[in-house]
Amino acid sequence: MRLKHPFKYVLIIIIISISSISGLFIVFNKTFGLEPHFENLSVKEDTEYKFRLPGIVLSYINRLYVDPDRIDNVEMIKGALDWQERVIPEVLVDYFEEKKIKTVTVDTVSKTFDLSEVRRTKDVFKVLQDALDFINKHREENVSLTASDVEYTAINGMLTQLDPHSIILPPKQFTEFKIGTTGKFGGLGMVVGIRDGVLTVISPIEGTPAAVAGIKAGDKIVEIDGESTVDMDLTESVGKLRGDPGSTVTLSVLKHKAVETKLFTLKREIIVIPTVESASIEGGYGYVRIRNFQDDTPQRLNEQLKQLNKINDKMKGLILDLRNNSGGLLDQAIKVSDKFLESGAIVVTVGPGGHPREVIDAKKTETDEELYPIVVLVDAGSASGAEIVAGALKENNRAIIVGDRTFGKGSVQQLIELMDGSALKLTIAKYLTPLFTDIQSFGITPDIQLVPVTVEKDNINLFHGITAIREEDLKKHLDDHHKEAFPFATLKYFHEIKEKKEDAVAGKETEVEPAEDEDPYKLPDFDKDFHVIFARKLLANASTWKKEEGFLQNSLSVIDAISEEEEKKIAQALDSLSIDWSEGINEGASATNVTFLTNPLNKRVKAGEKITLTVTIENTGDKPLYQLRGISSSKNGLYDKHEFIFGKIGKGSKKSHTKTIEIPKNSLDREDEITIKFEELNKNNPADLNFTVAIEALPQPLFAFSYQILDQVTNSSGKNNGDGIINKGENINLLVMVKNMGNGISEKTVVTLRNLSDKEVFVEKGRVEIGQLNPGEIKEAELTFNVKETIASNEFNVDIIISDSIFGAFLSNTLKFSVVAGAPQKLTASSKLLKINKNHIPLYGGMSFDSPVLSMMNEGTILRSDVSNPDWYRAELPNNRYGWVSAKDVTAVNNDAGKSSGELEMFIQRIPPTISMDGVPNILFGEEELSISALVKDDTHVKHAYVLVNNDKIFFKSNKHVSPRQKSSLKIDAKHSLKEGPNVITIVARDDHDLVSIKSFVATKGITVAKGM
């Protein structure tokens, strides 16, 4: 069983559907003995849903959870209900600590739940069942959110109060999950990803149908079995590419530089994911990489080791690479460890309450490997199963562990299959290393820690290494009881970052090959990967395989030699920046004067610009300073962990270090505190430097749009009739006219079309870039789709998504289109001048009152028609476009006096609400509450608005019960206490078309400034 790992670079593989999910898991179980009547429950309407599943989950928690002391019944209820706020806008949950009551409000209807008497599982279940039933009955109807979704969300909210790895997998996700644990599936054998909105091949796997057929990295998959991939998400695409072995799939592929697509009909095969790969290294050594632990991993490892021993006539040593190995099946990780051990404990598992303890020992077999030196490579991405292997080999004196501290996931999850097709993934045990070391949250400390050092003009990293997310950074992680451990040795190495070379010939045109994505099946370059180079030198210097009896001690000479080389490289790089990093003896205390300067001088920078921080240190004493440096800290990651390197400063001298920080264009209004702490080789440390920097957000774009169905171009089947209405068999051009109604520029505007509901609607062109869109500017995007003759439904839905990739601004709206059954109405050529009879007459996009309105016309407007029927005239518009007007609203005339159709003003059909704020502060010093005052306005109807503080909903208000005149606006007045430091405030407003506007800023409750520092 596996667990999703937050830091791992994820690629979705065709043969997997969802790639690499980390963790340690044990046997799958069917539910038994718990509420057996639930198994026979028939499917009912959402309003009659009984919400029984939380009771079953609670029963498993009480019986199996690893740490009963962490089970807090009240906190689980609070978590379950708080998560309802995340998925249902109109739900607002408040908890009153002093009265132990929880109030759930759905729009204007509230219900209070007394939590003071919650003692046992049945009390939790009763409250949750009542609360979820109340929410479900009073929430707005939402076809995309079923009652079972509400239930799964509540259970996951409940489980988050235990630990970050206990979750429930709904049926669809569980099905995908099971596929990922086998390592074998029917598929084509390639890694795919979405690149610029197109399904693109990242890497075909050697020997698979995709590779044999000639599909290459960079190829774009346009269709799967005749269905366009334009509007598919990655998981859906993978699901269609995967299938039963022996079945066929036809792909339409656009090769690099090709103009037309090429068809590939491939037969699916059982694809075995290569979880183990190896290579022979010069000198008689072997290299093996294990990506994760699946059913076949031990077998594959045996095969690879056998091959390496054959090539090298028995290996002299092995590099076992477990970097970014995120875990997998517990028993397979144990078998891998046992392969290299003749005796000793491999892992100790600890059940609920710290007992029972089960020690799993290695067994000597004929298939065990010969005793040769082993170096295991690990990093912060090595988790669970990888940590078991590393810990077992380390503490059994079998291998040297090299790299960085591992992730620190020392828990085991059991996957319990439930009768509704979902599965509970519950933490049921912890594992310890052979010496009973609890690695939970801390991980395995390497014997030799490798720390990369970078030295560039504006990027010096000498001390803090690589910043990585580990188990200890996850919310509600299991408590650790580890003993502090230190590496035997630490080695800093110079990590050179090569700069991109500009083309030497100005104006020279060069052909650009497709950008190379990371290939998950490509082994590292052994001549450039420092970890592999270092490990190879350790093996070459080894005189014994026993770590504690010579192998580790002998490594010191290698470490010293390489360290000397790397220190020279680092010193040379620093010297090129005029930094003297030499050491000096302590000659006594020395005084300093520290000053700093910012550009801009007022310490206020606009998003999208740069701010430079210049720190100057003057040595005012009579003793030199050596290896002087400063490191910044801030709760804003932009300013955190920057190194200010000064080196040696002689007496009476001063040196400056400047750091330039680029502020992303999508940054919010905020002000942040920054502290720079200084250290000097001989402890002559200058005082800390404290200051604040403010960011001013750029004006944001705000998208609105109109759309029109264009079907006047005759297609190959002759079905298009130009009436602006969708008929079966027609090729449709969907014209989307986008207007930027905000105050900011949209630099890269993209319009995307996604088909949501019908496979018989084939999207041919679903993504158009319209480039920069200035405030007030309108641009058009023409998207295309085909409605097949075989469509059975009389309507279908599509999503229009307008986005700006720079600011992250977007607008999403679902459009419902009708499909006309039967023969289209007959149109007659009718060249006439038409005059509008009265004011406020709509010009429609099609020959129907349900068609979108293109313009509102006033009396006297002149139109020229080309075809008509008794009820409608089609009016000619600029750029070979057309509109439709009702025959009863026009009169035929003989002259063209009046306003022509070329001067018509476009009617904007979809305008999101606007949010204007009244005097909201973006920084607070010591204040307890933030007051938020805002006004939401819409052209027709504000549906509702709510306010989030750090993802906690504090305010909701709808316009459901106001008069029609009042529905176009909504007032927000809210107060909320803030936590210390930065707080992200988000206001969300939705209108009657489900168009959403979002406004965010950061309110900082100051700490150091509040204290006058």
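Keep in mind it's a predicted model, so treat the numbers as computed, not measured. Throughout, residues of each chain are indexed from 1 in the direction in which the sequence is written. The predicted nature of this model means local features are confined to residues of pLDDT at least 70 and side-chain atom pairs, given and counted, to a pLDDT of 80 or more, with totals for whole chains, interfaces and linings taken over all residues. Remark: hydrogens and water are excluded; side-chain values derive from all non-hydrogen atoms of the structure.

Colleague: Please explain helix H11 (residues 530-541) as it appears in this structure.
Modeller: Given 3.6 residues per helical turn, the α-helix brings residues three or four places apart onto the same face. If you check H11, its first and last C-alpha atoms are 17 Å apart, about what 12 residues at 1.5 Å a residue would give, namely 16 Å. For every residue, the accessible area obtained with a 1.4 Å probe (protein chains only) is divided by the maximum for its type, and the residue is called buried under 20%, exposed over 50%, and partly exposed between those limits. For helices the rule is a DSSP run of H or I covering at least 4 residues; for strands it is a run of E covering at least 2, with both sets numbered from the N terminus onward. Three or more residues of H11 are buried, namely Phe 530, His 531, Val 532, Phe 534, Ala 535, Leu 538 and Leu 539. The opening residue of H11, the one whose side-chain oxygen lies 3.0 Å from the backbone nitrogen of His 531, is Asp 529. Here the expected length of a helix is defined as 1.5 Å per residue gap, with one fewer gap than residues. Counting of polar contacts relies on pairs of N or O atoms within 3.5 Å, with two restrictions inside protein: one atom must be capable of donating a hydrogen and the other of accepting it, and residues adjacent in sequence are counted only when both atoms are side-chain atoms.

Colleague: When you look at the nonpolar core in this model, what are you seeing that I'm missing?
Modeller: Nonpolar side chains tend toward joint burial in soluble globular proteins. Membership of the largest hydrophobic core comes to 84 residues, with the highest contact counts inside it found for Ile 61, Leu 320 and Phe 340. Broken down by element, the residue count for this core peaks at 8 residues, all from helix H3 (residues 121-138). Any two residues whose heavy atoms approach within 4.5 Å at even a single point are treated as in contact. Apart from the residues lying within four places of it in its own chain, the contact partners of Ile 61 are Ile 71, Met 76, Met 158, Leu 159, Leu 162 and Leu 426. Listed in part, the 32 residues of the second largest apolar core include Val 736, Ile 802, Ala 809 and Phe 817. Residues enter a nonpolar core if they are buried and are Ala, Val, Leu, Ile, Met, Phe, Trp, Tyr or Cys, with the set joined through side-chain atoms within 4.5 Å.

Colleague: Looking at this structure, I do not really get the sheet that holds strand E34 (residues 670-679). What am I missing?
Modeller: Strands in a sheet are paired, the pairing made by backbone hydrogen bonds, and the direction either parallel or antiparallel. Here, a strand pair is defined by DSSP locating no fewer than two bridges between the strands. Taken in spatial order, the 5 strands line up as E29-E35-E34-E31-E32 in an open sheet, and their pairing is mixed. The strands lining the two open edges of the sheet, one partner per strand, are strand E29 (604-606) and strand E32 (643-649). Pairwise comparison of adjacent strand axes, ignoring direction, gives a mean angle of 25° for this sheet. Across 3 bridges, E29 lies against strand E35 (residues 689-696) in parallel orientation. Note that in E35 the partner of Lys 606 across the bridge is Glu 696. Comment: axis = line fitted to C-alpha atoms, over the contacting stretch for helices; angle = value between 0 and 180 degrees taken between N-to-C directions.

Colleague: When you look at the sheet that holds strand E53 (residues 929-937) in this model, what are you seeing that I'm missing?
Modeller: One open sheet holds the 3 strands; their spatial order is E51-E53-E56, and the pairing between them is antiparallel. Where the open sheet ends on each side, the last strands, each with one partner, are strand E51 (914-917) and strand E56 (969-977). Here the average twist between neighbouring strands, direction ignored, is 25°.

Colleague: I tried to follow the pattern of salt bridges on my own but got confused; where do I start?
Modeller: A side chain with one charge may pair with a side chain of the opposite charge, provided their charged atoms come close. The salt bridge criterion pairs a side-chain nitrogen of Lys or Arg with a carboxyl oxygen of Asp or Glu, the two atoms within 4 Å. Summed over all chains, the structure comprises 37 salt bridges. Asp 640 is the salt-bridge partner of Lys 641, the closest N and O atoms lying 3.3 Å from each other. By relative accessible area, which is 23% here, Asp 640 ends up partly exposed. If you follow the salt bridges from partner to partner, you end up with Glu 140, Lys 943, Arg 990 and Asp 994 in one network.

Colleague: Explanation requested: unusual backbone geometry in the structure shown.
Modeller: Trans is the prevailing form of peptide bonds, just as negative phi is the prevailing case for residues other than glycine. The omega torsion of the bond from Asn 599 to Pro 600 falls at 10°, within 30 degrees of zero and hence cis. As for its placement among the helices and strands, Pro 600 is situated in the loop between strand E28 (592-599) and E29. Phi at Asp 107 is positive, roughly 60°, even though this residue is not glycine. Inspection of the secondary structure puts Asp 107 in the loop between strand E4 (101-106) and strand E5 (109-114). Positioned with a positive phi, Asp 313 is a non-glycine residue whose angle comes to about 55°. Relative to the elements of secondary structure, Asp 313 occurs in the loop between helix H8 (297-312) and strand E17 (317-321). Residue Asp 313 is classed as exposed on the basis of its relative accessible area of 66%.

Colleague: Would you mind showing me how to read empty space enclosed by the protein here?
Modeller: Where empty space is left becomes clear once a probe the size of a water molecule has been rolled over the atoms. Site definitions follow a grid-based scheme: protein atoms alone, a 1 Å grid, a 1.4 Å probe that fits but cannot get out for cavities, and for pockets an open set with protein on both sides within 12 Å along at least five of seven lines, plus lining residues having an atom within 4 Å of a point. Grid points are joined across faces, edges and corners, and a volume is the space filled by probe spheres set on the points. Per the counting criterion, the structure on display carries 1 cavity of 30 Å³ or more. Approximately 30 Å³ is the volume attributed to the largest cavity. Every residue along the wall of the largest cavity is listed here: Gln 708, Ile 709, Leu 710, Asp 711, Gln 712, Gly 722, Gly 724, Gly 845, Tyr 882 and Trp 884. For the lining of the largest cavity, the secondary-structure elements that each account for two or more residues are strand E36 (703-710) and strand E49 (881-886). Nonpolar residues are Ala, Val, Leu, Ile, Met, Phe, Trp, Tyr, Cys and Pro. Charged residues are Asp, Glu, Lys and Arg, and all others, Gly as well, are polar. Grouping the constituent residues of the lining of the largest cavity by class yields 4 nonpolar, 5 polar and 1 charged.

Colleague: What's the story with the environment of Tyr 844 in this structure? I'm lost.
Modeller: Assignment of secondary structure puts Tyr 844 in strand E45 (residues 841-844). Spatially, the C-alpha atom of Tyr 844 lies 8.8 Å from that of Gln 708, the residues being 136 residues apart in sequence. What Tyr 844 contacts, discounting residues up to four positions off in sequence, is Phe 849, Ser 851, Pro 852, Val 853, Leu 854, Trp 872, Gly 883 and Trp 884.

Colleague: Whenever I open this one, the pairing of E5 confuses me. Can you help?
Modeller: The side chains of a regular strand alternate, residue by residue, between the two faces of the sheet. In this structure, E4 lies alongside E5, joined through 6 bridges in antiparallel fashion. Paired with Thr 105 across the strands is Ser 110, a residue of E5. The turn linking E4 back onto E5 is made up of 2 residues, and Asp 107 within it adopts a positive phi angle of 60°.

Colleague: Sorry, what's going on with the packing of helix H1 (residues 53-64) against H3 here?
Modeller: Think of two packed helices as two axes; the pair is described by the angle between the axes and how far apart they sit. At their nearest, the axes of H1 and H3 sit 9 Å apart, and the two run at 155° to each other. The angle between the axes of H1 and H3 places the two elements in the roughly antiparallel class. The handedness of the crossing between H1 and H3 comes out as right-handed. Across the interface between the two elements, Pro 54, Gly 55, Leu 58, Ser 59 and Asn 62 of H1 pack against Thr 121, Val 124, Phe 125, Leu 128 and Leu 132 of H3. Grouping the amino acids of the contact of H1 with H3 by side-chain chemistry returns 6 nonpolar, 4 polar and no charged. Convention used here: angles under 35 degrees read as roughly parallel, angles over 145 as roughly antiparallel, angles from 65 to 115 as roughly perpendicular, and any remaining angle as oblique. The sense of a crossing depends on the near helix, which, turned anticlockwise from the far helix by less than a right angle, makes the crossing left-handed and, turned clockwise, makes it right-handed.

Colleague: I would appreciate a short explanation of the packing of aromatic side chains in the present structure.
Modeller: Each aromatic ring pair is summarised here by two numbers: the centre-to-centre distance and the angle between the ring planes. Stacked, edge-to-face and tilted labels apply to pairs of Phe, Tyr and Trp rings (six-membered ring for Trp) whose centres lie within 6.5 Å, assigned for plane angles under 30 degrees, over 60, and everything in between, in that order. Using the criterion set out here, one finds 15 aromatic pairs in the structure. Ring geometry for Phe 596 and Phe 691: centres 4.4 Å apart, planes at 25°, overall stacked. You can see Phe 596 sitting in strand E28 and its partner Phe 691 sitting in strand E35, a full 95 residues away along the chain. The exposure class of Phe 691 is buried, given its relative accessible area of 7%. Among the aromatic residues, ring-to-ring pairing joins Phe 705, Tyr 707, Phe 785, Phe 796 and Phe 817 into one connected group. One cation-aromatic arrangement involves Arg 405 over Phe 442; the distance from NZ or CZ to the ring centre is 4.7 Å. Look at NZ for Lys and CZ for Arg. If either is within 6 Å of the ring centre and within 35 degrees of the ring normal, a charge sits over the ring.

Colleague: Help me understand the environment of Lys 623 in this model?
Modeller: Mapped onto the elements, Lys 623 comes out in the loop between strand E30 (610-619) and strand E31 (625-633). When the C-alpha positions of Lys 623 and Ala 591 are compared, they lie 8.5 Å apart, and in sequence the two are 32 residues distant. Other than its neighbours up to four places away in sequence, Lys 623 contacts Glu 587, Gly 588, Ala 589, Ser 590 and Lys 651.

Colleague: Mind showing me how you'd approach helix H10 (residues 385-395) here?
Modeller: The buried fraction of H10 amounts to 10 of the 11 residues, a majority that puts the element mostly inside the structure. At the exit of H10 stands Asn 397, carrying a positive phi of roughly 65°.

Colleague: Can you help me understand the side chain of Glu 90 in this one?
Modeller: Tracing the sequence through the fold places Glu 90 in the loop between helix H2 (73-87) and strand E3 (91-96). For the buried residue Glu 90, which engages in no salt bridge, the nearest side chain bearing the opposite charge is Arg 139, 6.4 Å off. A polar side-chain atom of Glu 90 sits 2.7 Å from the main-chain amide nitrogen of Glu 140. Setting aside residues up to four positions removed in sequence, Glu 90 forms contacts with Thr 105, Val 106, Asp 107, Arg 139, Glu 140, Lys 953 and Phe 956. The charge count includes Lys and Arg as positive and Asp and Glu as negative, but it does not include His or the ends of the chains.

Colleague: Sorry, what's going on with the pairing of strand E19 (residues 345-350) here?
Modeller: Judged by how many residues are buried, E19 sits mostly within the fold: 6 of 6 residues are covered. By the bridge criterion, 5 bridges tie E19 to strand E20 (residues 357-361) in an arrangement that is antiparallel. Within E20, the residue paired with Thr 349 across the bridge is Glu 358. Two successive antiparallel strands, E19 and E20, enclose a turn made up of 6 residues, where Gly 353 displays a positive phi of approximately 75°. Direction of pairing for E19 relative to strand E24 (residues 423-432): antiparallel, over a ladder of 3 bridges. Residue pairing for E24: Thr 349 is matched across the bridge by Tyr 431.

Colleague: I'm lost on the confidence of the model for the chain in this one. Help?
Modeller: Detailed conclusions should not be drawn from predicted coordinates in areas where pLDDT is low. pLDDT gives the predictor's per-residue confidence on a scale running from 0 to 100. Per-residue pLDDT for the chain averages 85, and the proportion of residues at 70 or more is 89%. When pLDDT is averaged over each helix and strand of the chain, the minimum, 31, is found for strand E1 (residues 12-13) and the maximum, 97, for strand E21 (residues 374-378). For residues 1-22, every residue scores under 50 in pLDDT, and the model assigns this stretch 106 contacts once sequence neighbours within four places are set aside. Confidence drops under pLDDT 50 across residues 27-44; counting only partners more than four residues distant or on other chains, this segment forms 37 contacts.

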